[in-house]
Amino acid sequence: MTDRTVADVIVDRLSAWGVNRVFGYSGDGINGFMGALRRAEGRVEFVQARHEETAAFMAVGHAKYTGGVGVVTSTQGPGAVHLLNGLYDAKLDSVPVVAIVGQQSRTVLGSAYMQEIDLTSLFKDVAAQFVQQVSAPEQVPMVLDRAFRTAKATSSPCVVIVPHDLQSAPAPELPQEHGIVVTAPSWSTAAASPREEDLDAAAALLNSAERVALLVGQGARHAAKEVVAVAEKLGAGIATSLLGKPYVDETLPFAVGTMGHLGTTASAHLLGHCDALLIVGSNDPWTEFYPPPGAARAVQIDIDERKIGNRYPVEVGLAGDAAAALEALGARLETRPRGAWRSDVEAEVSRWRLLAADRAAVPARPINPERVVRELNGRLPADALVSIDVGSCVYWYARQLVLPPGVPAHLSGTLASMGCSIPYGIAAKLAHPERPLVALAGDGAMQMAGIAELVTVAHRWRQWADPRFVVCVFNNRELTEVTWEQRESEGEPRFAASQELPDFPFAGYADLLGLTGIRVEDPELLGDAWERALAADRPVVIDVLTDPEIPLLPPFPAGREKAETMRKGLAAEVDGGRASALLDTYLGHEERPRV
């Protein structure tokens, strides 16, 4: 006989799948698994978060920064419920995560027992590809193998529910007999290549076009070289989705930046005037910023054939790996001489760069948030990791930060959940402790989740080879994006009871934790603050007092219409005059003639 338990089998199987880190929070429903993790110290590390939601965000961050599968665990009942937000982040951003969730003992299920929830029903949407409650020890290896294979094959979260009593049951033997399924912890990706006839059709379409645009998403993460080669052949401009931003070198003269509501004027021009659109690994939902349907013929490349035609009427779909598809497509494309379209795109890129500089220089009270991010350009280390929270800081990241080639930057792109940046950053730092991390977060996101997870940073930073973990907080005492959305979408004035935030001393709190806090109230001190933080011997919180009245104006032509709705909301505000004047300043910059 052996003293090994089912929980030990779970840990062994995780190790066989290459898992070296599990994020989570303990509780009685998962105690058997916790005991096995203790016994496996040195093989599989347990990372305690301050809350199950942020533990799930850490698992998502681990998957995004490593390319592997993130693993999170929680107890039953409230712990399981708390996982949902992070798991939905994984689902909507197409990230492989496996959650191992405790449950009450099998003998009491159905009795309305304490913390008893129908977990299979709870997770059936978020883990639509695979959710399974284990009912016998012999089932455990097979269910875990299926969960990992499904998570990897579908780039989605999968959930394994393990009742409390089962975790401590004796480790099973797996005889070859009816009713026993023996599996192996192995998986291999399909060699997905588009069909020859589809490649021929796509090349014919693109070769016949005069004004080609590329829209590049996270599916092109391993195809940066191939994207540029195709754009060069076609004389095309390249726009990115928010999730695709890190995978295109934005210093290229024909890289127009991010598309959509938080995008650039150059991207709006590219997508608004092209006659052909090549979508590469993107499922960006900002459909109103795509070319008008019928204005451009479209080709789409995606590893998931279910996403082809999901956002735009596509004539030719290329189901396959982005790099392989682009290489095969490029061999069929005609090299065209530099033409008027490329010159037009590059002129719009130059115009956008001037506009971005003008916007960052607009005087504010006390500091323009666009300038905060712009000052990071040229100072961000070439080996940095970047995490971004949700809120107005995403706009400034998308528009002002030029990422050095190869620097990963991640956020909750599709679920758009506040509170992700610090958990993401912790996961990134645990995976790459030798690299510096920069997190951009609003004060709302910090108050929601970031403040608590700074405790985790303070607990762990001495274990990191490079101690730099720089958190820049845009502190404007406001839920700024919500305020501007209310003005823009509803024509409503700011509602202070809803949008106003209590002041919090972020820099002072960092000092209390044994970190370094830097408070910035003068824009001329921003550069020095970034340099001090990036040279520090410990994590740093830069608490920047920023102006909530800097407008979140979409790129034209949508921006012109939205500005009018914003004016209605501002006109109803007692103190809306200054924000209205700033909006006029931005509109004046936007309408400046091309140079």
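Along each chain, residue indices are assigned from 1 in the same order as the chain's sequence is written. Thresholds applied to this predicted model are a pLDDT of at least 70 for local features of residues and 80 or more for the giving and counting of side-chain atom pairs; totals over whole chains, interfaces and linings are not thresholded and use all residues. The basis for the side-chain values is all heavy atoms of the structure; hydrogens and waters are excluded.

**Comments concerning the overall build of the protein**
Working step 1: By the criteria applied, helices consist of DSSP H or I runs no shorter than four residues and strands consist of E runs no shorter than two, each listed in order from the N terminus. Tallying secondary structure elements over the protein gives 22 helices and 18 strands in all.
Working step 2: The size measure is the radius of gyration over C-alpha atoms, and the globule rule it meets is 2.2 Å times the number of residues to the 0.38 power. In terms of overall dimensions, the protein is globule-like: its C-alpha atoms have a radius of gyration of 25 Å, near the 25 Å expected for 595 residues.
Working step 3: When a residue's accessible area, from a 1.4 Å probe over protein chains only, is under 20% of the maximum for its type it is buried; when over 50% it is exposed; and in between it is partly exposed. For the protein, the proportion of its 595 residues judged to be buried stands at 58%.
Working step 4: Residue pairs at least 24 apart in sequence account for 75% of intrachain contacts in the protein once pairs closer than 6 positions are excluded.
Working step 5: All accessible-area figures derive from a Shrake-Rupley calculation using a 1.4 Å probe, and residue coverage is judged against the displayed protein chains alone. As displayed, the protein has an accessible area near 22800 Å², and 51% of this comes from carbon and sulfur atoms. Any two residues whose heavy atoms approach within 4.5 Å are treated as being in contact.

**Here we look at the sheet that holds strand S9 (residues 255-258)**
Working step 1: Two strands qualify as a pair provided that DSSP identifies no fewer than 2 bridges between them. Read from one edge of the open sheet, six strands run S9-S8-S7-S10-S11-S12, paired in parallel fashion. Pairing within the sheet leaves two strands with one partner each, and these edge strands are S9 and strand S12 (316-319). On average, adjacent strands in this sheet sit at an angle of 15° to one another, irrespective of strand direction.
Working step 2: Examined bridge by bridge, strand S10 (residues 276-280) and strand S11 (residues 297-302) share five bridges and lie parallel to one another. Within S11, the position partnered with alanine 276 by the bridge is arginine 297.
Working step 3: Of the strands in this sheet, strand S7 (212-216), strand S8 (237-240) and S10 are in contact with helix H9 (residues 224-234), which crosses S7 at around 170°.
Working step 4: Angles run from 0 to 180 degrees between N-to-C directions of axes, and those axes are lines fitted to C-alpha atoms, restricted for helices to the stretch in contact. Helix-sheet contacts for helix H10 (residues 265-273) involve S7, S8, S9 and S10, and the interaxial angle to S9 is about 110°.

**Observations concerning the pairing of strand S3 (residues 70-74)**
Two faces belong to every sheet, and in a regular strand the side chains alternate between them.
Working step 1: The buried fraction of S3 is high, at five of five residues.
Working step 2: Pairing of strand S1 (residues 21-24) with S3 involves two bridges; the strand directions are parallel. Its bridge partner being in S3, phenylalanine 23 is matched across the sheet by valine 72.
Working step 3: Across five bridges, S3 lies against strand S4 (residues 97-103) in parallel orientation. Counted as the bridge partner of threonine 73 is isoleucine 100 from S4.
Working step 4: Crossover handedness for the path S3 to helix H4 (residues 78-92) to S4: right-handed. Consider the strands pointing away from the viewer: the crossover is right-handed when the path from the first strand over the helix to the second runs clockwise.

**Things to note about the packing of helix H3 (residues 52-66) against helix H15 (residues 421-431)**
Working step 1: Where H3 contacts H15, the two axes come as close as 7 Å, and the packing angle between them is 50°. Overall, the two elements H3 and H15 adopt an arrangement that is oblique. The hand of the H3/H15 crossing is right-handed. Together, Thr54, Phe57, Met58, Val60, Gly61, His62, Lys64, Tyr65 and Thr66 of H3 and Pro423, Tyr424, Ile426, Ala427, Ala428 and Ala431 of H15 make up the contact between the two elements.
Working step 2: Across the contact of H3 with H15, the residue classes break down as 10 nonpolar, four polar and one charged. By definition in this entry, angles of less than 35 degrees are roughly parallel, angles greater than 145 are roughly antiparallel, angles of 65 to 115 are roughly perpendicular, and the rest are oblique. In this scheme the crossing of two helices becomes right-handed for a clockwise turn of the near helix relative to the far one and left-handed for an anticlockwise turn of less than a right angle. In this count, Pro and Cys sit with the nonpolar residues alongside Ala, Val, Leu, Ile, Met, Phe, Trp and Tyr, while Asp, Glu, Lys and Arg are called charged and the others, Gly among them, polar.

**As for the side chain of serine 105**
Working step 1: On the secondary structure map, serine 105 appears in the loop between S4 and helix H5 (119-123).
Working step 2: Setting aside its immediate chain neighbours within four residues, serine 105 contacts His164 and Asp165.

**Describing the nonpolar core**
Working step 1: What is meant by a nonpolar core is a set of buried Ala, Val, Leu, Ile, Met, Phe, Trp, Tyr and Cys residues, joined one to another through side-chain atoms within 4.5 Å. Leu206, Leu214, Leu277, Leu278 and Leu329 are the most contacted members of the largest nonpolar core, which has 56 residues in total.
Working step 2: Contact partners of leucine 329, with chain neighbours within four places excluded, come to Leu199, Ala202, Ala203, Leu206, Leu278 and Leu318.
Working step 3: Within the second largest apolar cluster, 55 residues are counted, among which are Ala49, Ala55, Phe57 and Val60.

**What about the packing of helix H12 (residues 340-360) against helix H22 (residues 577-590)?**
Working step 1: Here H12 crosses H22 at 160°, and the two axes come no closer than 10 Å. Here H12 lies roughly antiparallel to H22, going by the angle between them. For the element pair H12 and H22, the recorded crossing hand is right-handed. Facing H12, whose interface residues are Arg351, Leu355, Asp358 and Arg359, H22 presents Tyr586, His589 and Glu590.
Working step 2: Residues belonging to the contact of H12 with H22 are distributed by class as follows: two nonpolar, one polar and four charged.

**Overview of the UniProt feature "domain: Thiamine pyrophosphate enzyme central" (unreviewed entry) in the protein**
Working step 1: Listed under "domain: Thiamine pyrophosphate enzyme central" (unreviewed entry) in the UniProt record, and renumbered for this structure, are residues 199-329.
Working step 2: Taken end to end, residues 199-329 is 29% helix and 21% strand, and its first and last C-alpha atoms sit 6 Å apart. UniProt positions are given in the numbering used here, feature names are shortened, and annotations may be inferred rather than shown by experiment.

**Section: the packing of aromatic side chains**
Working step 1: Geometry of aromatic contacts follows a simple scheme: Phe, Tyr and Trp rings, the Trp one being its six-membered ring, pair when their centres are within 6.5 Å, and the pair is stacked under 30 degrees between planes, edge-to-face over 60, tilted otherwise. Per the stated rule, a full pass over the model turns up eight aromatic pairs.
Working step 2: Judged by centre distance (6.0 Å) and plane angle (15°), the rings of tyrosine 290 and tyrosine 312 are stacked. With tyrosine 290 in the loop between S10 and S11 and tyrosine 312 in the loop between S11 and S12, this residue pair connects regions lying 22 residues apart in the sequence. The burial state of tyrosine 290 is the same as that of tyrosine 312; both residues are buried.
Working step 3: Judged by centre distance (6.2 Å) and plane angle (50°), the ring pair of tyrosine 395 and tryptophan 396 falls under tilted. Neither tyrosine 395 nor tryptophan 396 differs from the other in exposure class; each is buried.
Working step 4: Here a set of aromatic residues connected by ring pairs shows up, and it is made of Phe504, Phe506 and Tyr509.
Working step 5: The ring of tryptophan 484 has arginine 487 sitting right over it, with the charged end atom 4.5 Å from the ring centre. Charge-over-ring placement is defined geometrically: NZ (Lys) or CZ (Arg) within 6 Å of the ring centre, and within 35 degrees of the ring normal.

**Details of the pattern of salt bridges**
Working step 1: We count a salt bridge whenever a side-chain nitrogen from Lys or Arg sits within 4 Å of a carboxyl oxygen from Asp or Glu. Summed over the entire model, instances satisfying the criterion amount to 36 salt bridges.
Working step 2: Aspartate 12 is paired through a salt bridge with arginine 4; the nearest N and O atoms lie 2.7 Å apart.
Working step 3: Judged by its relative accessible area of 27%, aspartate 12 is partly exposed.
Working step 4: On the accessibility criterion, arginine 4 (35% relative accessible area) is partly exposed.
Working step 5: A salt bridge links lysine 91 to aspartate 125; the nearest nitrogen and oxygen atoms lie 3.4 Å apart. One end of the pair, lysine 91, is in helix H4; the other, aspartate 125, is in the loop between H5 and strand S5 (131-133), and 34 residues separate them in sequence.
Working step 6: Exposure remark for lysine 91: the relative accessible area of 29% places this residue in the partly exposed category.

**Structural notes on the sheet that holds strand S17 (residues 516-520)**
Working step 1: The strand order across the open sheet formed by six strands is S14-S13-S15-S16-S18-S17, and the pairing between neighbours is parallel. A single partner strand is all that each edge strand has here, and the edge strands are strand S14 (409-410) and S17.
Working step 2: Across two bridges, strand S13 (residues 385-388) lies against S14 in parallel orientation. Bridge pairing in S14 places serine 387 opposite histidine 410.
Working step 3: Lying on the sheet, helix H14 (residues 392-400) is in contact with S13, S14, strand S15 (437-442) and strand S16 (469-475); it crosses S15 at an angle near 135°.

**Description of helix H11 (residues 322-330)**
Residues spaced three or four apart along an α-helix face the same direction, because each turn holds 3.6 residues.
Working step 1: Among the residues of H11, those classed as buried are Ala322, Ala323, Ala325, Leu326, Leu329 and Gly330. End-on, the buried residues of H11 take up no more than an arc of 165°, which puts them together on one face.
Working step 2: Looking at the buried residues of H11, the elements they touch are helix H8 (196-208), H9, S10, S11 and S12.
Working step 3: With a side-chain oxygen positioned 3.2 Å from the backbone nitrogen of alanine 323, the residue opening H11 is aspartate 321. The directions from the helix axis to the C-beta atoms form the arc being described. Each polar contact in these results corresponds to two N or O atoms within 3.5 Å; when the atoms are within protein, one needs to be able to donate a hydrogen and the other to accept it, and residues that are neighboring in sequence are counted only if both atoms are side-chain atoms.

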